[in-house]
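Structural description and commentary
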Amino acid sequence: MLQDVYVQQDNNVVETRIKIARIQAHKLANIPITPPPYRDKPNKEGALLLQVETNDGLVGWATSGYTHHVAIDLINKYIAPKIVGENPMRTERIPLLFDRASFERPLGRTLISALAMIDIALWDIKGKMLGQPVHHLLGGARDKVPVYVTHGAAYDNAPVYSPEELAAEAAHLVKLGNNHLKNTVGRQPIPDPKDDYIRMRAMREAVGPNVKLAMDGNLRMTLAQAVELCKRCEELDISFVEEPLYYNDPRLLRELRSKTIIPVAAAENEKFSARDLILADAVDYIQPNVNNDGGYSAAIRTAALAKMFHIPLSHGNGNGPHNIALHAGLSNGGLVEYHFHKWMAYNAIFKKVPQPEDGYLTVSQEPGLGLEPKDGLIEEFSIQM
């Protein structure tokens, strides 16, 4: 196919024939999913699905379970008209098409998330054009990535998991072959470090000493609450605590690091940039998320910065299937999160999604990302905005 990509003029390559012809963002709702092991809900989920088509029929796909649905109108009405006709290989050009003063600043994270979906879909197209999986285009460092499973989160107004329920679910997941689990902490109306310690201790007692356990604070705690929780949980051999403090404040994260032996991870919910966190010596792991932070193109820059400072990469905040390629492609790639609830939605949306096996995810070797929507999905579950 490559011989059809380029147009020759006076023995110089001047342009590609392939252009972006159509962009359409869809809101999907009420997709049936597999509920958690010991509960019957949540059994439905929604997501945003982006479709980017070239003039020769190649289609790139991207999706997000967290981006606000206002991004659909943003993409369909404002972004698409500026991008149609562009060369899909020129991913660094796309953000430059939007005037920063009048467009990026007032729209903030919504625009970044929308452009992230565009970037992901264009990398999918790049892989299909070149006949290569995206992780090879990013460097091809490995074909498997380590995975951890996030579980025990209550949705749809379901009761919060008791320590006993958390322990039972954790033990079940370990029996399935998983060796690294994560649970949320600080979810009470007023975060309660003692209660969270009891819950984490119940999980540790259920899975034994050889399974790794991590905690996700979801940006909910004060410094004092996070310090107390970490001090209590140090005896439980916690592998990392993710985003425990309000807004990922670099100054406070650095102070937390000085008061606990538990490694600190952050960056996928940015008010402060990865650069801010690194220069403040605030984290042990940097967690770029391609769906939140500008796609693969932006994550490559974050990864390069982290590598300069010898800080390993990790991943959080769901959207794991799209983040596999990043961590498989780059030499300093690391863990990918298998968020149980959100991954069930991916299983329902796409024909084939990597699944944990002996603590790893095997990366798709198909051209592009290997994430193709199921036949009829859009027609059945798309709703009008």
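Here, every reference points to the structure presented above.
Predicted, not measured: the structure shown is a model, and the values here were computed from it. (Residues numbered from 1 in each chain as written. Predicted model: local features only at pLDDT ≥ 70, side-chain atom pairs only at ≥ 80, totals over all residues. Heavy atoms only, no water.)

**Quick word on the overall build of the chain**
If you tally the helices and strands in the chain, you get 12 helices and 14 strands. A globule of 385 residues ought to have a C-alpha radius of gyration of about 21 Å, and the chain, at 21 Å, matches this closely. Counting across all 385 residues of the chain, residues that qualify as buried make up 54%. When contacts within the chain are restricted to residue pairs at least 6 apart in sequence, those whose partners lie at least 24 apart make up 71%. Here the chain displays about 16900 Å² of accessible surface, and carbon together with sulfur accounts for 50% of that area. The average position of the 41 basic charges and that of the 46 acidic charges among the side chains of the chain differ by 2 Å. (Helix = DSSP H or I, 4+ residues; strand = E, 2+ residues; numbered from the N terminus. Rg over C-alpha atoms; globule rule 2.2 N^0.38 Å. Buried < 20%, exposed > 50% of the residue type's maximum accessible area, 1.4 Å probe, protein only. Contact = heavy atoms within 4.5 Å. Areas by Shrake-Rupley, 256 points an atom, 1.4 Å probe, with all protein chains shown as cover. Lys, Arg positive; Asp, Glu negative; His and termini not counted. Charge placed at Lys NZ, Arg CZ, Asp CG, Glu CD.)

**Brief notes about helix H1 (residues 70-83)**
Over its 14 residues, H1 runs 19 Å from end to end, which matches the ideal 20 Å to within 8%, given 1.5 Å per residue. Its maximal kink placed at Asn-76, H1 deviates by approximately 35 degrees. Downstream of H1 by one or two residues, Gly-85 has phi in the positive range, about 100 degrees. (Expected span 1.5 Å × (residues − 1). Bend = angle between axes of the 7 residues up to and from the residue.)

**With respect to the nonpolar core**
Grouped together as the largest cluster of nonpolar side chains are 108 residues, with contacts concentrated most on Leu-50, Ile-79 and Tyr-296. At 11 residues, helix H2 (residues 100-130) tops the list of elements feeding residues into this core. Tyr-148, Phe-240, Ala-265 and Leu-335 belong to the second-largest nonpolar core, a separate cluster that totals five residues. (Core = buried A, V, L, I, M, F, W, Y, C linked by side-chain atoms within 4.5 Å.)

**A word on the packing of helix H6 (residues 223-233) against helix H7 (residues 250-259)**
Viewed as axis vectors pointing N to C, H6 and H7 meet at an angle of 25 degrees, and their least axial separation amounts to 10 Å. With respect to H7, the axis of H6 lies roughly parallel. For the element pair H6 and H7, the recorded crossing hand is right-handed. Contacts between H6 and H7 involve Leu-223, Ala-226, Val-227, Cys-230 and Lys-231 on the former and, on the latter, Leu-252, Glu-255, Leu-256 and Lys-259. (Axes fitted to C-alpha atoms, helices over the stretch in contact; angles between N-to-C directions. Parallel < 35°, antiparallel > 145°, perpendicular 65-115°, else oblique. Left-handed = near helix turned anticlockwise from the far one by under 90°.)

**Some words on the sheet that holds strand E3 (residues 20-32)**
Spatially, four strands are ordered E5-E4-E3-E14 in an open sheet, and the strand pairing comes out antiparallel. Strands at the two margins of the open sheet, each flanked by one partner only, are strand E5 (59-64) and strand E14 (382-383). Here six bridges tie strand E4 (residues 44-54) to E5, and the two strands are oriented antiparallel to one another. Bridging across to E5, Leu-50 finds its partner in Ala-62. (Pairing = 2+ DSSP bridges.)

**Remarks on a nonpolar patch on the surface**
Taken together, the side chains of Leu-279, Met-308 and Phe-309 make up a nonpolar region of the molecular surface, amounting to roughly 330 Å² of accessible area. Looking at the element boundaries, Phe-309 is found in the loop between helix H9 (295-308) and helix H10 (320-329). A residue is classified by how much of its surface remains accessible, and Phe-309, at 40% relative accessible area, is partly exposed. (Patch = residues over 30% accessible without salt bridge, like charges linked within 9 Å, V, L, I, M, F, W, Y side chains within 5 Å. Salt bridge = Lys/Arg side-chain N within 4 Å of Asp/Glu carboxyl O.)

**Describing the side chain of Glu-169**
Mapped onto the fold, Glu-169 is located in helix H4 (residues 163-175). It is Arg-39 that comes nearest to the buried, bridge-free Glu-169 among opposite-charge side chains, at 6.4 Å. Residue contacts for Glu-169: discarding those within four places in its chain leaves Pro-36, Pro-37, Tyr-38, His-151, Gly-152 and Tyr-161.

**A closer look at the pairing of E4**
Burial within E4 is extensive, with eight of its 11 residues counted as buried. Two strands pair when backbone bridges link them, and E3 and E4 are joined in this way by 10 bridges, in the antiparallel orientation. Among the inter-strand pairings, Leu-28 is bridged to a residue of E4, identified as Ala-47. Between the end of E4 and the start of E5, which pair antiparallel, lie four residues, with Gly-57 showing a positive phi angle near 95 degrees.

**Some points on empty space enclosed by the protein**
Taken as a whole and judged by the stated rule, the model has two cavities of 30 Å³ or more. Its boundaries defined by the atoms lining it, the largest cavity holds a volume of some 80 Å³. One number sums up the size of the second largest cavity: a volume of about 40 Å³. Looking at the second largest cavity, the residues that line it are Gly-46, Ala-47, Thr-63, Gly-65, Lys-342, Ala-345, Tyr-346 and Ile-349. Sorting the residues of the lining of the second largest cavity by element identifies E4 and helix H11 (340-349) as the ones contributing at least two each. (1 Å grid on protein atoms, 1.4 Å probe; cavity = no way out; pocket = protein on both sides within 12 Å on 5 of 7 lines; lining within 4 Å. Points joined across faces, edges and corners; volume = space filled by probe spheres on them.)

**Observations concerning H4**
Since there are 3.6 residues in each turn of an α-helix, residues three or four apart along the chain are aligned in direction. For H4, built from 13 residues, the straight-helix expectation of 18 Å at 1.5 Å per residue is met to within 8% by its first-to-last C-alpha distance of 18 Å. When H4 is considered as a whole, its buried residues turn out to be Leu-166, Ala-167, Glu-169, Ala-170 and Leu-173. Down the axis of H4, the buried set is contained in an arc of 170 degrees. They therefore lie on one face. In H4, those exposed residues whose orientation departs by more than 90 degrees from the buried face are Glu-164 and Lys-175. Buried positions along H4 lie against strand E6 (144-150), strand E7 (180-184) and helix H5 (193-207). (Arc of directions from axis to C-beta.)

**Regarding the pattern of salt bridges**
On inspection of all chains with the given rule, the structure shows 17 salt bridges. When the shortest N-O distance is used, the salt bridge between Arg-301 and Glu-92 registers 2.9 Å. Of the two residues, Arg-301 sits in helix H9 while Glu-92 sits in the loop between H1 and H2, which places them 209 residues apart along the sequence. Glu-92 gets classed as partly exposed once you look at its relative accessible area, which sits at 47%.

**Side note on the environment of Pro-146**
In this structure, Pro-146 sits in strand E6. Residues contacting Pro-146, with those up to four places away along its chain left out, are Gly-334, Leu-335, Val-336, Gly-359 and Tyr-360.

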